[in-house]
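Understanding the architecture of this molecule
Residues per chain are reported as follows:
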Amino acid sequence: MRNILLFLIGCLMMSAAGCGRQTPQIPSQRKREAPKPDTVQTGLLELNQQLTKSADEQVRIAVQKEALQYMLCEAGTWMTIIDGGDEKSVTPHDNESWIIRMRVSDLAGQLLADTEQSYLIGKHELPMAVDKNIRMLHHRSKARLLAPWYSSYGITGTKEVPPYENVIIEIELR
């Protein structure tokens, strides 16, 4: 009886000593957790908002330095109409082809690109700043746009316009 009692006490002590303990893992066996998508998305959203705010501020400062009267238009673009052109003529509409001359400069005034060609309105052939605001113009109109990078040539830029470049776009409808 005494042996059975000692055996039971020993079993209880061994089970009590092992309670709550977990076998340690070797570091290579631990599973690494990927960053949570909401954390990554939140970080990217905050970065994008900071870049956008900075671009808007730079363009706003450039507008204040100019002697011309600008109005804030769609796509965060500031526009002034230099020449109203033939105000009795039609304005551009989606899916219409118009010949447009565009002179693109950086905010310091350095010419980056000068093109004249036919574009389809509303088909993403033009920078968004131009495509969204060109509908206010008439045949032979001239306008000057100050556009942040996100509504002009974006994060990729072009051969002539660097990525993230805030620009001045002078347009003329022909």
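Now for a look at the structure at hand. Think of each chain on its own: its residues are numbered from 1, step by step along the sequence as written. Totals for whole chains, interfaces and linings use every residue, but because this is a predicted model, local features are given only for residues with pLDDT of at least 70 and side-chain atom pairs only at 80 or more, for both listing and counting. Neither water nor hydrogens contribute to the side-chain values; these are computed over all heavy atoms in the structure.

Topic: the overall build of the chain
We count a stretch as a helix when DSSP gives it H or I for four or more residues in a row; a strand needs E for two or more, and each element gets its number in order from the N terminus. When you go through the chain residue by residue, the secondary structure sums to 3 helices and 6 strands. Reading the chain from its N end, one meets helices and strands in the order α-α-β-β-β-β-α-β-β. Partly exposed residues are those whose accessible area sits between 20% and 50% of the maximum for their type, while under 20% is buried and over 50% is exposed, using a 1.4 Å probe and protein chains only. Going through the 174 residues of the chain one by one, you find that 30% of them count as buried. Only the protein chains shown count as cover for residues, and all accessible areas are computed by the Shrake-Rupley method using a 1.4 Å probe. Surface summary for the chain: the accessible area is close to 12200 Å², and the carbon and sulfur share equals 55%.

A look at the pairing of strand β5 (residues 142–147)
Most of β5 sits out of view: 5 of its 6 residues are buried. When DSSP finds two or more bridges between a pair of strands, those strands are recorded as paired. Judged from the 5 bridges that link them, strand β2 (residues 78–83) and β5 form a sheet pairing that is antiparallel. Paired with T80 across the bridge in β5 is R144.

Concerning the environment of K123
Residue placement: K123 occurs in the loop between β4 (111–120) and α3 (128–133). Spatially, the C-alpha atom of K123 lies 7.0 Å from that of N95, the residues being 28 residues apart in sequence. Contacts are assigned to residue pairs that have any heavy atoms within 4.5 Å of one another. If we ignore the near neighbours within four places in the chain, the residues touching K123 are N95 and D131. Polar contacts here mean pairs of N or O atoms no more than 3.5 Å apart (in protein, one a potential hydrogen donor and the other a potential acceptor; neighbouring residues in sequence count only if both atoms are side-chain atoms). Here the side chain of K123 touches N95 through a polar contact of 3.0 Å, side chain to side chain.

Looking at the pattern of salt bridges
Salt bridge criterion: a side-chain nitrogen from Lys or Arg within 4 Å of a carboxyl oxygen from Asp or Glu. Under the criterion given, the structure shown has 9 salt bridges. When the shortest N-O distance is used, the salt bridge between R144 and E66 registers 2.9 Å. Separated by 78 residues along the polypeptide, R144 in strand β5 and E66 in the loop between α2 (37–65) and β1 (71–72) bring together distant segments of the chain. For R144, a relative accessible area of 14% puts it in the buried group.

Details of the environment of V63
As for its position among the elements, V63 is in helix α2. V63 sits in the buried class, given a relative accessible area of 11%. As for V63 and L145, which are separated by 82 residues in sequence, their C-alpha atoms are 9.7 Å apart. Once you skip the residues sitting within four places of it in the chain, V63 turns out to touch Y70, W78 and L146.

Side note on the nonpolar core
For our purposes a nonpolar core is just a set of buried Ala, Val, Leu, Ile, Met, Phe, Trp, Tyr and Cys residues, chained together by side-chain atoms within 4.5 Å. Core analysis: the biggest nonpolar cluster contains 24 residues, and I100, M102, V130, I134, V167, I169 and I171 have the highest contact counts within it. Of all the elements in the fold, those that place two or more residues in this core are β3 (97–106), β4, α3, β5 and β6 (167–173). Each residue touching I171, except ones within four places of it in the same chain, is listed here: I100, R101, M102, V130, I134, L137, S141, K142, A143 and L145. Within the second largest apolar cluster, 6 residues are counted, among which are V63, Y70, L146 and I168.

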